[in-house]
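Descriptive analysis of the structure
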Amino acid sequence: MAETGMNRVAGHTRAVRQLKKAVESGRVSHAYLFTGDPGCGKRTLADLFAAALLCEDPDPASRPCMKCPSCRKAAGGNHPDLIHVTHEKQSITVDDIRTQLIASAGILPYEGGRKVFIVPEAEKMNAQAQNALLKTIEEPPSYAVILLLSANPAALLPTVLSRCLEIKLLPLPDRIVEEYVREELRMPDYEAKVIAAFAQGNIGRARLSAENQSFSDRKDRTLTLLRRLKGMNTAAVRQAVRDICADREGIGDVLGMMLLYMRDVLYYKASGDGESLVFTDELTGIREKAGEMSFRKLSDIVEEIELCRSRLASNVNAELAVELLLTAFQ
Ligand SMILES: [Zn+2]
C-alpha cells in the first residue's frame, strides 16, 4: 500500500487519482459529492482530501503530509477551517445548515486559503436545508469547499446534484479488503480471507466483522452446524433452529456465511480447485458435500438461503423460515 499524500487510503484508485489531481493542480471545485454504500470509505477519503486542501507542505504531491501543524489539527479534529456539520434530529435541518455551514462560510478562513465543510449523510438534509445550501453552492466564497457524503444521492434535489462533482466509491476487490484486514487490522490469513469475502468490497463492513467477537463466534457455530447438518435428526435440527434464532441480530451473518460456504462447495464441485476457496480450512467438508450433492441440489440450497433472507425481511416467523432452510440441506 502506497503511503504518501492522497494514497494513504486503501483502494479507490480512480477517486483518489481524481482528488489528487485537484490537490496538485490547485483546481478545486467548490462542491463535491462522495457517493457509495455505508462503510465504503466516503468519510475517510473526504477527511483525507480536506486535510490535503489545508496542508502546508510545499510539495503538493505530498499533501496531506500528516506532519505539518495543519494536518495534525485536521487529524485531531480541531482545525478551525475544517468543519464537520453535525445534526441532532433525524434529519439535517435548515438551522443546522445555516448555523454550521452558511454562517461560517461567510467568515474568512482563520489560517490558510481555504475552508472545508464536510456534510456526512447529506441525504438527511430536508428540502429546506438543501435549498438553503444551494445558494451557498451556487455562489460560494472563493475559499469554501463543500464535501457532501451520501449513500443515497437520489434523495438529494436535482439542483444540488447538478452543482456537485461526484466522487463515486465502488466496492473494492476482495484482495484489497483482505490485505487491509491482514495488515491494518492484523488478522491471520484465513480469518482475513473470510472477513473480506463477507464484506463484499466494503472496508467498513470488514472492520466491523473483524472487531466483533460475535462475528467470529457465529462463523464457528455456522461451520460446525454445516458439518453436522446431514445426519441430524428432527429434534437436533429444531434445537439448531432455536440456537440460530436466539441470536436474532446474528441471523443475517449466519445466512451470509452459509451462502459463502455453499458457493465454495459449488465452486469446488465445478473446478476441483481447493486453493481458491474462501473456507480453505473446511476443505474436507466441502469436498464431501461436493461429492454427495448434485449441482441441482446445491443451487437449490443457495436459492433457499436467499429465500430465507427475504422471508425474514418480510417478517415471516424466524424459526419457521430457518427450519425450512435447514431441511433443504437434508
Ligand atoms: Zn500537512
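Higher on the page you've got the structure.
Rules used in this analysis
- Counting starts from 1 at the beginning of each chain's written sequence and moves along it residue by residue.
- This being a predicted model, a pLDDT of at least 70 is required before a residue's local features are given, and a value of 80 or more before pairs of side-chain atoms are given or counted; all residues contribute to the totals for chains, interfaces and linings.
- The side-chain values count all of the structure's non-hydrogen atoms but skip hydrogen atoms and water molecules.
- Strand pairing is assigned whenever DSSP detects at least two bridges linking the two strands.
- Strands are runs of DSSP state E lasting at least two residues, helices are runs of H or I lasting at least four, and both sets are numbered from the N terminus onward.
- For helices, the fitted line uses only the C-alpha atoms of the stretch in contact; every axis is such a line through C-alpha atoms, and the angle between N-to-C directions lies from 0 to 180 degrees.
- Whether two residues are in contact is decided by their heavy atoms, any of which lying within 4.5 Å being enough.
- Each residue gets one of three labels from its accessible area relative to the maximum for its type: buried under 20%, exposed over 50%, partly exposed in between, using a 1.4 Å probe on protein chains only.
- Arc definition: directions from the helix axis to the C-beta atoms.
- Metal sites are built from N, O and S donor atoms within 2.8 Å, or 3.2 Å for Na, K and Ca, and they leave out water, so they may look incomplete.
- The criterion for an aromatic pair is that two Phe, Tyr or Trp rings (for Trp, the six-membered ring) have centres within 6.5 Å, with stacked assigned to planes under 30 degrees apart, edge-to-face to planes over 60 apart and tilted to the rest.
- Sitting over a ring, as applied to charges here, requires NZ of Lys or CZ of Arg to be within 6 Å of the ring centre and within 35 degrees of the ring normal.
- Throughout, the term roughly parallel applies to angles under 35 degrees, roughly antiparallel to angles over 145, roughly perpendicular to angles from 65 to 115, and oblique to all others.
- What makes a crossing left-handed is the near helix being turned counterclockwise from the far one by less than a right angle; a clockwise turn instead makes it right-handed.
- Any residue that is not Ala, Val, Leu, Ile, Met, Phe, Trp, Tyr, Cys, Pro, Asp, Glu, Lys or Arg is counted as polar, Gly included; the first ten are nonpolar and the last four charged.
- Any carboxyl oxygen of Asp or Glu within 4 Å of a side-chain nitrogen of Lys or Arg constitutes a salt bridge here.
- Throughout, nonpolar core names a set of buried Ala, Val, Leu, Ile, Met, Phe, Trp, Tyr and Cys residues whose side chains join them through atoms within 4.5 Å.

**Comments concerning the sheet that holds strand β1 (residues 31-35)**
Pairing is parallel across the open sheet formed by 5 strands, whose spatial order is β2-β3-β4-β1-β5. On the outer flanks of this sheet lie β2 (82-84) and β5 (165-168), each paired with one strand and no other. Going from strand to strand, the sheet's axes swing by 20 degrees on average, the running direction of each strand aside. Each of β1, β2, β3 (115-119), β4 (144-150) and β5 is contacted by helix α2 (residues 42-54), which is oriented at about 170 degrees to β4, the strand it contacts most.

**So, helix α13 (residues 283-292)**
If you check which residues of α13 are buried, you get G285, I286, K289 and A290. An end-on view of α13 places all buried positions within 135 degrees of arc, on one side of the element. Projecting away from the buried face of α13 at angles above 90 degrees are the exposed residues T284 and G291. Looking at the buried positions of α13, the neighbouring elements they touch are α10 (213-228) and α12 (251-271).

**A word on the coordination of the zinc ion**
Distances from the zinc ion to its protein donors, C55 (SG), C65 (SG), C68 (SG) and C71 (SG), fall at 2.3 to 2.4 Å. Read in sequence order, the donor residues coordinating the zinc ion give the pattern C-x9-C-x2-C-x2-C. Take C65: its relative accessible area is 9%, and that puts it in the buried class. The exposure class of C68 is buried, given its relative accessible area of 11%.

**Description of the packing of aromatic side chains**
Summed over the entire model, instances satisfying the criterion amount to 3 aromatic pairs. On the basis of an interplanar angle of 50 degrees and a centroid distance of 6.0 Å, the ring pair of Y261 and F279 is categorised as tilted. Note that Y261 is positioned in helix α12 and F279 in the loop between α12 and α13, a separation of 18 residues in sequence. In this pair, the class of Y261 matches that of F279, namely buried. A cation sits over an aromatic face here: K269 above F295, 5.3 Å from the ring centre.

**Focus on the environment of Y268**
Summarising the element assignment, Y268 is placed in helix α12. C-alpha separation for the pair Y268 and K289, spaced 21 residues apart in sequence, amounts to 9.6 Å. What Y268 contacts, discounting residues up to four positions off in sequence, is D273, G274, L277, L283, I286, R287 and A290.

**What to know about the packing of helix α1 (residues 13-25) against α2**
What describes two packed helices is the angle between their axes and the distance between those same axes. Where α1 contacts α2, the axes come no closer than 10 Å and their chain directions differ by 15 degrees. When the axes of α1 and α2 are compared, the pair comes out roughly parallel. Along this stretch, α1 crosses α2, giving a crossing that reads as right-handed. Where α1 abuts α2, its residues A15, V16, L19, A22 and V23 lie against L45, F49, A52 and L53. Partitioning the contact of α1 with α2 into residue classes produces 9 nonpolar, no polar and no charged.

**A few points about the pattern of salt bridges**
In total, this model carries 18 salt bridges according to the counting rule given. In this structure, E191 and K219 form a salt bridge, with 2.8 Å as the shortest nitrogen-oxygen distance. In this pair, E191 is assigned in helix α8 (residues 189-199) and K219 in helix α10, connecting sequence segments 28 residues apart. With a relative accessible area of 2%, K219 lands in the buried category. One salt bridge in this structure joins K230 and E292, with 3.9 Å as the shortest N-O distance. Remark: E292 occurs in helix α13 and K230 occurs in the loop between α10 and α11 (234-246); sequence separation between them is 62 residues.

**Quick word on the packing of α10 against α12**
Packing of α10 against α12 leaves a shortest axis separation of 9 Å and a crossing angle of 50 degrees. As judged from the angle between their axes, α10 and α12 are oblique. Judged by the sense of rotation from one axis to the other, the crossing of α10 with α12 is right-handed. Taking contact as the criterion, the partners of F215, R218, K219, T222, L223, L225 and L226 in α10 are, on α12, D253, V254, M257, M258 and Y261. The residue inventory of the contact of α10 with α12, partitioned by class, reads 8 nonpolar, 1 polar and 3 charged.

**Considerations on the nonpolar core**
Membership of the largest hydrophobic core comes to 59 residues, with the highest contact counts inside it found for M258, M262, F279 and L326. No other element matches α12, which puts 11 residues into this core. Each residue touching M262, except ones within four places of it in the same chain, is listed here: M293, L298, I301, V302, I305 and F329. V9, A22, A46 and I118 belong to the second largest nonpolar core, which has 29 residues in total.

Geometric values such as these leave the question of function open.
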